[in-house]
Amino acid sequence: MSESTLFLRKATGLVRSWSVFDAFIYAFFSINLVTLGFYIISQMYFFEGGLIPALVISGIIILAEVVVYAGLIAVMPRAGGDYVWQSRILGGGLGFVLAVTGWWFILWLWTPLYADMLRHIFFVPLLGVLSLKDAALWFAGDANAFFLVCVLTAVFVTIIIALGMKTYARMQKFCFWVGNAGLLVVCLFLLLSNNDAFRAGLEANATKYFGAPPGVYEATLAAGEAAGAITPLMGGSLTAIFLAMPYLVFFNLWPNWGATLYGEVKGADDFRRNLQGMAWALIATTLLGVIFFLLVNKTITWDFYTKANAAYWSYRWGFSESAPPMGSVWPYPAMLAMFVTTNPFLQFVVLLAMSMWFFGWAGTVFLSSTRVIFAAAFDRLLPEAVATIEPRTRTPIWALALMIVPGLIVSALYVYNVANFASLTLASTLVIAVTYLGSTVAAILLPYTKKDLYEASPIAKYKVAGVPLITVAGVIFALFLVFLLYQWLLDPNALYGIGYSINENGYKNGTSLVFMGVMYLLAVIIYVGAKMYRKNQGVDLDLVYKEIPVE
Amino acid sequence: MRNVVGATGRSPLPSLMPILSDAQEEAMRLIAEAAARGLTLRLLGGLAVRMHSPSATHRVLARQYPDLDFASADKRAYKIEALMAELGYEPHKTFNLLNGDHRLLFFDPAHERQVDIFVGKFHMCHTIPFSLQRFTLDLFTLPLAELLLTKMQIVQMNEKDVRDLCALLLDHPFGEDDTETINLPHLAKLCADDWGLWKTVSLSVQKVRDFSDAYELEGEKKLTLVERLNVLRAALHETPKSLRWKARDAIGERVQWYELPEEVKRG
């Protein structure tokens, strides 16, 4: 700190609500190993590509995404993120449609997915350990219980968002440290124990807590074998490894999830800090995943874990008619790890600490979205009321209502599997990937179409062989997204089940295509309607898009 | 300048009138209108210093006052937003939506002036707590001790900050209370509880001492300024420190002890 310099400061400054560390935690939780990671990896039992190489290679590619978003944030650190960048670079119509589908509408589908994770990592294991077997099994397998958890999730998220960004950051930080402490203990149990102890513990605990029949270990192996569990931990051809990625990115495509919030993060125009925050979140999570599954392999064994997952999901998806030995209890790896002890107090404390991975992350389902809704409302594409808050609690009630009410309707469709809605899990990722593709194209074009803005930004000095870094990273990430979209939509190997598979044995998922199509149609209708309405009021929205929004 | 009505006292409801062109008159109008609605607004920043310090108009310390800065001990930002709308100010909607729990920003386009309001506490390079009791000590501004601290806590001081501090210190001795004196025990106690604030204020004392040489103050005034800075420096060192202060002192300058507020592009 200089003691002999005076500074120039035009006006009273602002200390923004979030530190770079808060943004790092948000990014770290957004690619949440314990919730998103365990959940989707458990569904990946039928792939030939190894999990660890898929995790590492996809992580390396997603670093290009981090460069793209860190660059866009540094150029335009505005609340609304993707919406602002796309609408200002690609045009209002495309920007609005892609942003609201990827940051608003599709989050309705994420509501039951978050709830599904909550019931399986919080309610079921903790109630089981408390010897409330019937309650645990009700939450695990009953549709009404599942829907109740959807409602509880929405209520919890509303409360933590209403508490404001600073309180959210404090809560998130608490969950970060407690959750990681819990994971450390789980890892230590896996490290210091062995498969014999796990087998004995599984037999004792699964029977005691969930009423599993004796011989659950062997029965699970047999059920998993019958269900077709094949995914290896390591190895596989490069093609097979890449084919695992359209599933895996459900977990790790989101280090940029805080992009819409960067108007509230300190030093958001510092490219290197943004980059490091998101990149370290991705690197740390990837390493954590590798270490954790190596430890699972050591004590639980990857073979058992994959087969337990195959037994569970093949029954839940209706591919198998015989219920798995553990019934409707999801093979939550932290719970399985804690089965090596029979001390219920220790199990409860560690599993409760592990549930912080959910509670510190849950707000991500709506928080980022509210900023996109605000930004669209400030541009007058949505009624001004949606960018207002309930004055006493400072809760963005209208923005939250636009998330929660449709979210609960979609939850009902998903929970009760109306029109096979439960098959849409990966559609939640597809629609956001389309949005990211829009922002990535905007990033590629930025140095050429918004030359003045780019040249004045802190990223102008970063070049690769004379080409702007943001353009190079954008091309790499765009190619990856195009690969993912091709696999999801045309599904040539009949692996993902959310598109119109060109494989004759593949699934042609009409519900998924109609659901996604309706969302895009709804976005177009809102955009066209708003444009006409504003035109009648004498407001030209095209002029709005020529201006960069104020901070 | 002592409060004769009290922050929660009821003065007659002022009539609504257009925004005044004179910044000081407008500030007083806003404070009165707020009081009439049960809200306690107090001025801070350069204009508050000028209201207390004749030296602020001294040819070497005089400056422009483009903005109005207020503090509200009341955390009910919605009431302030309603008041400002009623008085003809345009809110910065995006800013207030995202930051309204601690800061509000309004514009007066006719006079090209903006109004900043700190809600509940003052949080810039350091945090200075507000209490309603302290807000009642002066009718229009924060108490002198808080006014001094809000300037002394600035890490990247500018020319205007140094001028304001010089004016404030030239016209007010340190004392035991807030009656046109700077309440030294209160100020020193806040610093003795917060190592970061103590550190920055200590550095600011030296900065003001260094930069005041650049102003052509008369010899007696310069002597007064230096003496008062020495009194402040001594109090900062002699006041018993809290356990929290001592714990942070062990870490020292190895960890950044201040925040750096960012410029906000305000449209």
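Preceding block: the structure.
Computed from a prediction, not measured in an experiment: that's the story for all the values here.

Student: Please clarify how the overall build of chain B should be interpreted in this entry.
Tutor: When helices and strands are tallied, chain B shows eleven helices and nine strands. The C-alpha radius of gyration computed for chain B amounts to 18 Å, which stays within 12% of the reference 18 Å derived for 267 residues, consistent with globular compactness. The dimensions of chain B, computed from C-alpha atoms along their principal axes, are 50 × 40 × 35 Å. Sequence-distant contacts in chain B: of pairs separated by 6 or more residues, those separated by 24 or more amount to 69%. With the model as given, the accessible surface of chain B reaches about 11,000 Å², and the carbon-plus-sulfur share is 54%. The average position of the 34 basic charges and that of the 38 acidic charges among the side chains of chain B differ by 4 Å.

Student: Would you explain the packing of helix α19 (residues 427–449) of chain A against helix α22 (residues 510–536) of chain A in this entry?
Tutor: Helix-helix packing: each pair is described by the crossing angle between the helix axes and the interaxial distance. Residue and element names in this part refer to chain A. For the pair α19 and α22, the least separation of the axes is 11 Å and the interaxial angle reads 40°. Handedness of the crossing formed by α19 with α22: right-handed. Between α19, through Ala 427, Leu 430, Val 431 and Val 434, and α22, the contact on the second element is made entirely by Ser 512, Met 516, Met 519 and Tyr 520. Of the residues that constitute the contact of α19 with α22, the class distribution is seven nonpolar, one polar and no charged.

Student: Would you mind showing me how to read the pattern of salt bridges here?
Tutor: Opposite charge on two side chains permits pairing when their charged atoms draw close. Residues and elements named next belong to chain A. In total, this model carries 27 salt bridges over all chains according to the counting rule given. Across the pair Glu 218 and Arg 199 runs a salt bridge, and its minimum N-O distance is 2.8 Å. Here the residue Glu 218 occupies a position in helix α11 (residues 216–227), and Arg 199 occupies one in helix α10 (residues 195–210), the gap between them amounting to 19 residues. Salt-bridge contacts for Lys 307 lead to Asp 303; the nearest nitrogen and oxygen are separated by 3.0 Å. Here Asp 303 and Lys 307 lie together in helix α14 (residues 302–316), a separation of four residues that amounts to about one turn. On the basis of relative accessible area, Lys 307 is assigned to the buried category, the value being 10%. When salt bridges with common partners are traced through the structure, they connect Asp 116, Arg 119 and Arg 316 into a single cluster.

Student: Any chance you could explain the side chain of Ser 55 of chain B here in plain terms?
Tutor: Residue and element names in this part refer to chain B. Relative to the elements of secondary structure, Ser 55 occurs in the loop between α2 (46–52) and β2 (67–72). A distance of 2.6 Å separates the side chain of Ser 55 from the side chain of Asp 171, its partner in a polar contact. Beyond its immediate stretch of four places on either side in the chain, Ser 55 contacts Leu 61, Ala 167, Leu 170, Asp 171 and Lys 221.

Student: Explain the sheet that holds strand β3 (residues 90–91) of chain B to me, please; I cannot follow it from the model alone.
Tutor: Note on sheets: strands pair through backbone hydrogen bonds, and any given pair is parallel or antiparallel. Residues and elements named next belong to chain B. Across the sheet, which stays open at both edges, the five strands sit in the order β1-β2-β5-β4-β3 with mixed pairing between neighbours. Both edges of this open sheet fall to β1 (41–44) and β3, since each of them pairs with a single strand only. Seen against the sheet, helix α3 (residues 77–86) touches β1, β2, β4 (103–108) and β5 (113–119) and runs at an angle of roughly 5° to β4.

Student: Sorry, what's going on with the packing of aromatic side chains here?
Tutor: The relation between two aromatic rings is expressed through the spacing of the ring centres and the mutual angle of the planes. Inspection of every chain in the model, using the stated rule, returns 71 aromatic pairs over all chains. Their ring planes at 70° and their centres at 5.4 Å tell us that Phe 198 of chain A and Phe 304 of chain A sit as a pair that is edge-to-face. Here Phe 198 of chain A is found in helix α10, whereas its partner Phe 304 of chain A is found in helix α14, with 106 residues between them in sequence. When its relative accessible area of 0% is taken as the criterion, Phe 198 of chain A is described as buried. Overall, Phe 304 of chain A belongs to the buried group, its relative accessible area being 2%. Ring geometry for Phe 118 of chain B versus Phe 122 of chain B: centroids 4.7 Å apart, planes at 35°, classification tilted. Considered together, Phe 118 of chain B and Phe 122 of chain B belong to a single accessibility category, that of buried residues.

Student: Quick question: what am I supposed to make of the pairing of β4 of chain B here?
Tutor: Regular strands have side chains that alternate between both faces of the sheet. Residues and elements named next belong to chain B. Counting buried residues in β4 gives six out of six residues, a clear majority hidden from the surface. Residues Arg 103, Leu 105 and Phe 107 point to one face of β4 and Leu 104, Phe 106 and Asp 108 to the other, with burial holding for every one of them. Inspection of the sheet shows β3 paired to β4 by two bridges, in the antiparallel sense. Following the sheet pairing, Pro 91 is matched in β4 by Phe 106. Both β4 and β5 contribute to a ladder of six bridges, which runs antiparallel. Each bridged residue has a counterpart across the sheet, and for Arg 103 the counterpart in β5 is Phe 118. Hairpin connection between β4 and β5: a loop of four residues separates the two successive antiparallel strands, and Glu 112 in this loop has a positive phi of roughly 50°.

Student: Even after reading the chapter, I still don't get unusual backbone geometry, so can you show me in this structure?
Tutor: Trans is the prevailing form of peptide bonds, just as negative phi is the prevailing case for residues other than glycine. Phi is positive for Ser 131 of chain A, close to 65°, though the residue is something other than glycine. Along the chain, the position of Ser 131 of chain A falls in the loop between α6 (107–129) and α7 (133–141).

Student: Whenever I open this one, the pairing of β2 of chain B confuses me. Can you help?
Tutor: Residues and elements named next belong to chain B. For β2, a buried count of six out of six residues is recorded, marking the element as mostly surrounded by other parts of the structure. Where burial is concerned, the two faces of β2 agree: the one with Asp 67, Asp 69 and Ala 71 and the one with Leu 68, Phe 70 and Ser 72 are both buried. Relative to β2, β1 runs antiparallel, the two sharing four bridges. Of the residues in β2, the one forming a bridge with Leu 44 is Asp 69. Here six bridges tie β2 to β5, and the two strands are oriented parallel to one another. When the sheet's bridge partners are listed, Phe 70 is paired in β5 with Ile 117.

Student: Can you walk me through the environment of Leu 184 of chain B in this structure?
Tutor: Residue and element names in this part refer to chain B. Counting through the fold element by element, Leu 184 comes out in helix α8 (residues 184–193). For the pair Leu 184 and Val 119, spaced 65 residues apart in sequence, the C-alpha to C-alpha distance is 25 Å. Not counting residues within four places of it along the chain, the set of residues in contact with Leu 184 comprises Phe 174, Gly 175, Val 231, Leu 232 and Ala 235.

Student: Looking at this structure, I do not really get the layout of surface pockets. What am I missing?
Tutor: To find leftover empty space, a probe the size of one water molecule is rolled over the atoms. Residue and element names in this part refer to chain A. Estimates place the volume of the second largest pocket at around 970 Å³. Taken together, 37 residues form the lining of the second largest pocket, with Trp 313, Arg 316, Trp 317, Ala 422 and Ser 423 sitting closest to its centre. Broken down by element, the lining of the second largest pocket gets its largest block of residues, five residues, from α14. Classifying every residue of the lining of the second largest pocket by side-chain character gives 21 nonpolar, twelve polar and four charged.

Student: It is not clear to me how a nonpolar patch on the surface should be interpreted in this structure. Could you clarify?
Tutor: All names here are of chain A. Residues Tyr 486, Leu 489, Leu 490, Tyr 500, Ile 502 and Leu 513 make up a contiguous nonpolar surface patch of about 530 Å² in total accessible area. Here the nonpolar patch takes three residues from helix α21 (residues 469–490), the largest share from any one element. Topologically, Tyr 500 is positioned in the loop between α21 and α22. Take Tyr 500: its relative accessible area is 49%, and that puts it in the partly exposed class.

Rules of the game
- Residues numbered from 1 in each chain as written.
- Chains lettered and ligands numbered in written order.
- Predicted model: local features only at pLDDT ≥ 70, side-chain atom pairs only at ≥ 80, totals over all residues.
- Heavy atoms only, no water.
- Helix = DSSP H or I, 4+ residues; strand = E, 2+ residues; numbered from the N terminus.
- Rg over C-alpha atoms; globule rule 2.2 N^0.38 Å.
- Contact = heavy atoms within 4.5 Å.
- Areas by Shrake-Rupley, 256 points an atom, 1.4 Å probe, with all protein chains shown as cover.
- Lys, Arg positive; Asp, Glu negative; His and termini not counted.
- Charge placed at Lys NZ, Arg CZ, Asp CG, Glu CD.
- Axes fitted to C-alpha atoms, helices over the stretch in contact; angles between N-to-C directions.
- Left-handed = near helix turned anticlockwise from the far one by under 90°.
- Nonpolar A, V, L, I, M, F, W, Y, C, P; charged D, E, K, R; others polar.
- Salt bridge = Lys/Arg side-chain N within 4 Å of Asp/Glu carboxyl O.
- Buried < 20%, exposed > 50% of the residue type's maximum accessible area, 1.4 Å probe, protein only.
- Polar contact = N/O pair within 3.5 Å; in protein donor to acceptor, adjacent residues only side chain to side chain.
- Pairing = 2+ DSSP bridges.
- Phe/Tyr/Trp six-rings, centres within 6.5 Å; stacked < 30°, edge-to-face > 60°.
- 1 Å grid on protein atoms, 1.4 Å probe; cavity = no way out; pocket = protein on both sides within 12 Å on 5 of 7 lines; lining within 4 Å.
- Points joined across faces, edges and corners; volume = space filled by probe spheres on them.
- Patch = residues over 30% accessible without salt bridge, like charges linked within 9 Å, V, L, I, M, F, W, Y side chains within 5 Å.

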